[in-house]
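Observations on chain architecture
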Amino acid sequence: MQRKDFITLSSLGFLGLYSCGISKINSKKPLAIQLYTIRDAVSDNLEKALEKLVALGFTELEIYGYNGTFFGKSRTEFQTILKQTGLKVISSHHTTGIIHKDGGTLLYSWEKAVEDLHFIDAEYMVCSYLFPEERTVENYKKLPELFEKCGEATQKAGIQFAYHNHDFEFEKLEGDKSVYDFILENTSSDLVKMEMDLYWISKAGLDPLVYFEKYPGRFPLWHVKDMKAGTKDFTEIGNGLIDFKKIFSAKEKAGLKHWFLEQDSSDKDIFESIRISKKYILENNFF
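Structural notes, computed from the coordinates. All of these numbers come straight from a predicted model, not from anything done at the bench. (Residues numbered from 1 in each chain as written. Predicted model: local features only at pLDDT ≥ 70, side-chain atom pairs only at ≥ 80, totals over all residues. Heavy atoms only, no water.)

Digging into the layout of surface pockets
Here is the rule: Within this scheme a cavity is a closed region of a 1 Å grid, computed over the protein atoms alone, that accommodates a 1.4 Å probe without allowing it to escape, whereas a pocket is open but has protein on both sides within 12 Å along at least five of seven lines; lining residues each have an atom within 4 Å of a point. Grid points are joined across faces, edges and corners, and a volume is the space filled by probe spheres set on the points. We call Asp, Glu, Lys and Arg charged. Ala, Val, Leu, Ile, Met, Phe, Trp, Tyr, Cys and Pro are nonpolar, and the rest, Gly among them, are polar.
There is about 510 Å³ of room inside the largest pocket. Surrounding the largest pocket, 24 residues form its lining, Y64, H93, T95, S128 and Y129 being those nearest its centre. Residue composition of the lining of the largest pocket, by class: six nonpolar, 14 polar and four charged.

In structure tokens, the structure reads:
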């Protein structure tokens, strides 16, 4: 909450109600969201975007776009914003740097990224995406070594490294083995965990529970988003095809620690989509 809003609420006698509301939210399991969901609002005004999430009951974030700064803010400035809003960063997304040689990627200034994420008390750093130009057999085969090296650096700072999937990882690499299985089988289960994106694995036609059974405990992070019937477009949680009740029933086998609501695009105002998803989450107690 910004200072001017705090003063306004106080003068109107609403501060007590606001405090009770926050207390009620914090008494429950935290609601978490991947900030990419509201990237347009973040680009317009970071602080206002975060305040909107707080008003909807969210207390935890997964962030994206670290490049030596957090959305153009220094780590101290960003930490101050987090403290003012009461939000906590659980996890951060990073690309490899194989093609786009930017700071804050796995191959460029990784140690500085680890320091900065440690400074804001993040718990996970995640390789978020392989650009199409990076998806070669040669690059795939180098990933286990790169991921373990990055995982060793994060582990020293008390941060867990993980990899986030889309659907292309389920294509075959060699014989019957997929890229995803190749990564899982050739990395340490301690150094490299997985962030399971439930939409993308479902779009690939695979069952998350099969992976939870085959690699128990490797999936402490999930992206929870739904898929429209027919078009397979993104939609609000509960408005699509994915059986979240079945998937959440296997959360212990998966090793789930945190999950994030995410919706890459919407045919509505994105904050309205978030409200719809939140309602379904709370009604079904997905914690």
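Observations concerning the environment of M227
Quick reminder of the rule: Counting from the N terminus, the helices are DSSP H or I runs at least four residues long and the strands are E runs at least two residues long. Each residue is placed in one exposure class: buried if its accessible area under a 1.4 Å probe, protein chains only, is under 20% of its type's maximum, exposed if it is over 50%, and partly exposed if it falls in between. Whether two residues touch is decided by their heavy atoms; if any such pair falls within 4.5 Å, the residues are in contact.
Positionally, M227 belongs in strand β10 (residues 226-227). We classify M227 as buried; its relative accessible area is 5%. Residues M227 and K251 lie 24 residues apart in sequence; the distance between their C-alpha atoms is 20 Å. Ignoring sequence-local partners within four residues, the contact set of M227 consists of Y199, S202, K203, K232, D233, T235, G240, L241 and I242.

Re the pattern of salt bridges
Stated precisely, the cut-off is as follows: Each salt bridge in this description consists of a side-chain nitrogen of Lys or Arg and a carboxyl oxygen of Asp or Glu lying within 4 Å of one another.
Counting across every chain of the model gives 18 salt bridges. The salt bridge involving K88 is made with E123; its shortest N-O contact spans 3.8 Å. Of this pair, K88 sits in strand β3 (residues 88-94) while E123 sits in the loop between α6 (110-119) and β4 (124-127); the two residues are 35 residues apart in sequence, bridging distant segments of the chain. Among the residues examined, K88 registers a relative accessible area of 29% and is labelled partly exposed. E123 gets classed as partly exposed once you look at its relative accessible area, which sits at 29%. Salt-bridge contacts for K214 lead to D181; the nearest nitrogen and oxygen are separated by 3.4 Å.

A look at helix α7 (residues 137-156)
Spelled out, the test is: Helices are assigned an expected span. That span is 1.5 Å times one less than the residue count. Bend is computed residue by residue as the angle between axes fitted to the seven residues ending at the residue and the seven residues starting at it.
With 20 residues, α7 ought to run about 28 Å at 1.5 Å a step, and its terminal C-alpha atoms sit 30 Å apart, in line with that. At L143, α7 is deflected by roughly 35 degrees, the largest bend along its length, and proline P144 occurs up to four residues later in sequence. All of the buried residues along α7 are N139, Y140, L143, P144, L146, F147, C150, G151 and T154. Buried positions along α7 lie against α6, β4, β5 (160-164), β6 (172-174), α8 (179-185) and β8 (192-197).

Observations concerning the pairing of β5
Applicable threshold: A pair of strands counts as paired when DSSP detects no fewer than two bridges linking them. With its strands directed away from the observer, a crossover is right-handed exactly when the path from the first strand over the helix to the second travels clockwise.
With respect to burial, β5 is a largely interior element, five of its five residues being buried. Side chains of β5 alternate between two faces, with Q160, A162 and H164 and F161 and Y163 buried alike. Judged from the four bridges that link them, β4 and β5 form a sheet pairing that is parallel. The partner of C127 across the bridge, within β5, is Y163. In this region the chain leaves β4, passes through α7 and returns to the parallel neighbour β5; the handedness of that crossover is right-handed. Relative to β8, β5 is paired through four bridges, and the arrangement is parallel. What sits directly across from H164, in β8, is E195.

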